[in-house]
Amino acid sequence: MKSNNRKSSKRILITGPTGFIGKRLLYRLDEQGYQIRCLVRCLVRPPESLDLKVPLTHEPEIFYGDLLDPGSLSAALEGMDAAYYLVHSMGGRSIRETLAFEEKDRKAAENFLQAADSAGLSRIIYLGGLGDISDNLSHHLASRQEVGRILQSGNVQTTILRAAVIIGAGGAAFEIVRYLVERLPVLTWPKWVYTKSQPIAIDNVLAYLTGCLETPETTDKSLDIGGPQILSYADLMRMYARVRGLKRLIIGVPMVPFKLSAYWVNLITPVPAGVVLPLAEGLRNEAICRENHIRDMIPVNLLSMEQAICNALAEESEGPGKLLSQQACFLPEDLK
Ligand SMILES: NC(=O)c1ccc[n+]([C@@H]2O[C@H](COP(=O)([O-])OP(=O)(O)OC[C@H]3O[C@@H](n4cnc5c(N)ncnc54)[C@H](OP(=O)(O)O)[C@@H]3O)[C@@H](O)[C@H]2O)c1
């Protein structure tokens, strides 16, 4: 612990602090001087540490709990001013392991809301997914919407930020793009690589997440967040190749079953099939902002996707996997 001088007396709970978003948010809120408590599952790592490679200014409080175990949540929520909800249940090396994710995510959100209501929490900030409910959403995207509806149904004022792919090292979707383009000179891809999406840089997501805490207008709202460009996944792969100076050919092929694609992507990338499948199914849905109200509420300098990719690669030069979520990727030991 380097100093006791805090800029804010707000007490903030982070759920999912070991994840791609949660771990970065932990550093950001620490820099900004908030008092942080982390809800950590102790299933997959020794309970002593959050596995932080770079020290924080202030040691966060660690509470062990699981959103699927309602009894483990009340202590973690006691005395908090706001909580970030940065959790999903996709994962597992096999598709079978991820099949129950919607049910788990529903239960987790209900448990969390009940504990938050009982603790008298005043704010939840949830990062979910873009997508229009009338658009025959994939299981994953529909589940992200459902979690938002559950969190907004209680007494706690809930802000929902809805994002498409987030570009940053260790993000499951970004790692899929990165590994495919790095490893395959010719990419044969079903037609859904041409679906439009509005990716956003991780830096911008963190600015919006932290900005919400000090921007009362964001309270109890659902706000779309997106970068400055609307791109297809094929565009994103071409852009990645351009930024890296790689020559890549992308060839569209007729429809390939999502399951088959998931297993194939799992062979080429470290992202487990149990994460790839729900993400791949979501590629059929456009993920574009319906509105941009947040740009007036929290002005941030939106990074181009070229810049976001460069930033992710720069972070990687310090060692890929530095901030990876265990749930999102299974990297070989020598890449960690
Ligand atoms: N990554 C993207 O491109 C992207 C895009 C749009 C929206 N989002 C949203 O951002 C949020 C965070 O995603 P992410 O990419 O950071 O995911 P992630 O890296 O896979 O992290 C998920 C986190 O959830 C925790 N978790 C899972 N089940 C839990 C449970 N039952 N109890 C307690 N904690 C549990 C995991 O803990 P363990 O470490 O113990 O597994 C991990 O910390 C999600 O709501 C996601 O929908 C992400």
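Thresholds applied
Residues numbered from 1 in each chain as written. Predicted model: local features only at pLDDT ≥ 70, side-chain atom pairs only at ≥ 80, totals over all residues. Heavy atoms only, no water. Helix = DSSP H or I, 4+ residues; strand = E, 2+ residues; numbered from the N terminus. Buried < 20%, exposed > 50% of the residue type's maximum accessible area, 1.4 Å probe, protein only. Contact = heavy atoms within 4.5 Å. Areas by Shrake-Rupley, 256 points an atom, 1.4 Å probe, with all protein chains shown as cover. Near = heavy atom within 4 Å. Polar contact = N/O pair within 3.5 Å; in protein donor to acceptor, adjacent residues only side chain to side chain. Nonpolar A, V, L, I, M, F, W, Y, C, P; charged D, E, K, R; others polar. Pairing = 2+ DSSP bridges. Right-handed = clockwise from strand over helix to strand, strands pointing away. Salt bridge = Lys/Arg side-chain N within 4 Å of Asp/Glu carboxyl O. Axes fitted to C-alpha atoms, helices over the stretch in contact; angles between N-to-C directions. Core = buried A, V, L, I, M, F, W, Y, C linked by side-chain atoms within 4.5 Å.

### Side note on the overall build of the protein
So, step 1. Looking only at helices and strands, one finds twelve helices and 13 strands in the protein.
So, step 2. Buried positions account for 56% of the 336 residues belonging to the protein.
So, step 3. Contacts in the protein between residues far apart in sequence, at least 24 positions, make up 83% of those at least 6 positions apart.
So, step 4. As displayed, the protein offers around 14500 Å² of accessible surface, 52% of which is attributable to carbon and sulfur atoms.

### Examining unusual backbone geometry
So, step 1. In the Ramachandran plot, Asn-136 falls in the positive-phi region, its phi being about 45 degrees despite a non-glycine side chain.
So, step 2. The exposure class of Asn-136 is exposed, given its relative accessible area of 58%.
So, step 3. Even without a glycine there, the phi angle at Asp-220 is positive, about 60 degrees.

### A look at the site of the ligand
So, step 1. Close to the ligand lie 23 residues; Thr-18, Phe-20, Asp-66, Leu-127 and Arg-144 are nearest.
So, step 2. One of the backbone nitrogen or oxygen atoms of Gly-19 is found 3.2 Å away from an oxygen atom of the ligand.
So, step 3. One of the backbone nitrogen or oxygen atoms of Phe-20 is found 2.8 Å away from an oxygen atom of the ligand.
So, step 4. Notes on the ligand: free accessible area 910 Å², of which the protein chains cover 94%.
So, step 5. Those elements that provide at least two residues to the shell around the ligand are α1 (20-31) and β5 (123-129).
So, step 6. Residues that form the shell around the ligand fall into these classes: twelve nonpolar, seven polar and four charged.

### Observations regarding the side chain of Ser-89
So, step 1. Inspection of the secondary structure puts Ser-89 in the loop between β4 (82-85) and α3 (95-98).
So, step 2. Since its relative accessible area comes to 15%, Ser-89 is described here as buried.
So, step 3. Side chain to side chain, Ser-89 and Asp-105 meet in a polar contact 2.8 Å long.

### Side note on the pairing of strand β2 (residues 35-40)
A regular strand places its side chains so that they alternate between the two faces of the sheet.
So, step 1. In terms of residue burial, β2 counts as a mostly covered element, since five of its six residues are buried.
So, step 2. Here strand β1 (residues 11-15) pairs with β2 via five bridges, running parallel. Directly across from Ile-12, in β2, lies its bridge partner Ile-36.
So, step 3. Crossover connection from β1 via α1 to parallel β2: handedness right-handed.

### Thoughts on the pattern of salt bridges
So, step 1. This structure, assessed with the given rule, holds 16 salt bridges.
So, step 2. Arg-106 is the salt-bridge partner of Glu-146, the closest N and O atoms lying 2.7 Å from each other. Here Glu-146, found in helix α5 (residues 139-151), pairs with Arg-106, found in helix α4 (residues 101-119); they are 40 residues apart in sequence, far enough to count as distant.
So, step 3. With relative accessibility at 26%, the residue Arg-106 sits in the partly exposed group.
So, step 4. One salt bridge connects Arg-242 with Glu-306, and the closest N-O pair in it is separated by 3.9 Å. With Arg-242 in helix α8 (residues 233-244) and Glu-306 in helix α12 (residues 305-316), this residue pair connects regions lying 64 residues apart in the sequence.
So, step 5. Residue classification places Arg-242 among the exposed residues on the basis of a relative accessible area of 55%.
So, step 6. A network of salt bridges, in which partner residues are shared, links Arg-162, Asp-224, Arg-290 and Glu-291.

### A word on the sheet that holds strand β3 (residues 61-64)
So, step 1. Read from one edge to the other, the open sheet built from seven strands follows the order β3-β2-β1-β4-β5-β6-β11, with strand pairing classed as parallel. In this open sheet, the two strands that pair with only one neighbour each are β3 and β11 (222-225). With direction set aside, neighbouring strand axes in the sheet form an average angle of 20 degrees.
So, step 2. In terms of strand pairing, β4 meets β5 through four bridges, oriented parallel.

### Looking at the pairing of β4
So, step 1. Burial along β4 is two-sided: Ala-82 and Tyr-84 and Ala-83 and Tyr-85, pointing in opposite directions, are all buried.
So, step 2. Pairing analysis gives three bridges linking β1 to β4, with the strands arranged parallel. In the sheet register, Ile-14 faces β4, and the bridge partner there is Tyr-84.

### Remarks on the nonpolar core
So, step 1. Counting 38 residues, the largest nonpolar core has Ile-167, Leu-180, Val-181, Trp-189 and Met-237 as its most contacted members.
So, step 2. When residues of this core are assigned to their parent elements, the largest contribution, seven residues, is made by α8.
So, step 3. In this structure Met-237 touches Val-177, Val-181, Trp-189, Val-193 and Ile-250, once residues within four positions along its chain are discounted.
So, step 4. Formed by 35 residues, the second largest nonpolar core is a distinct cluster that contains Ile-12, Leu-26, Tyr-27 and Ile-294.

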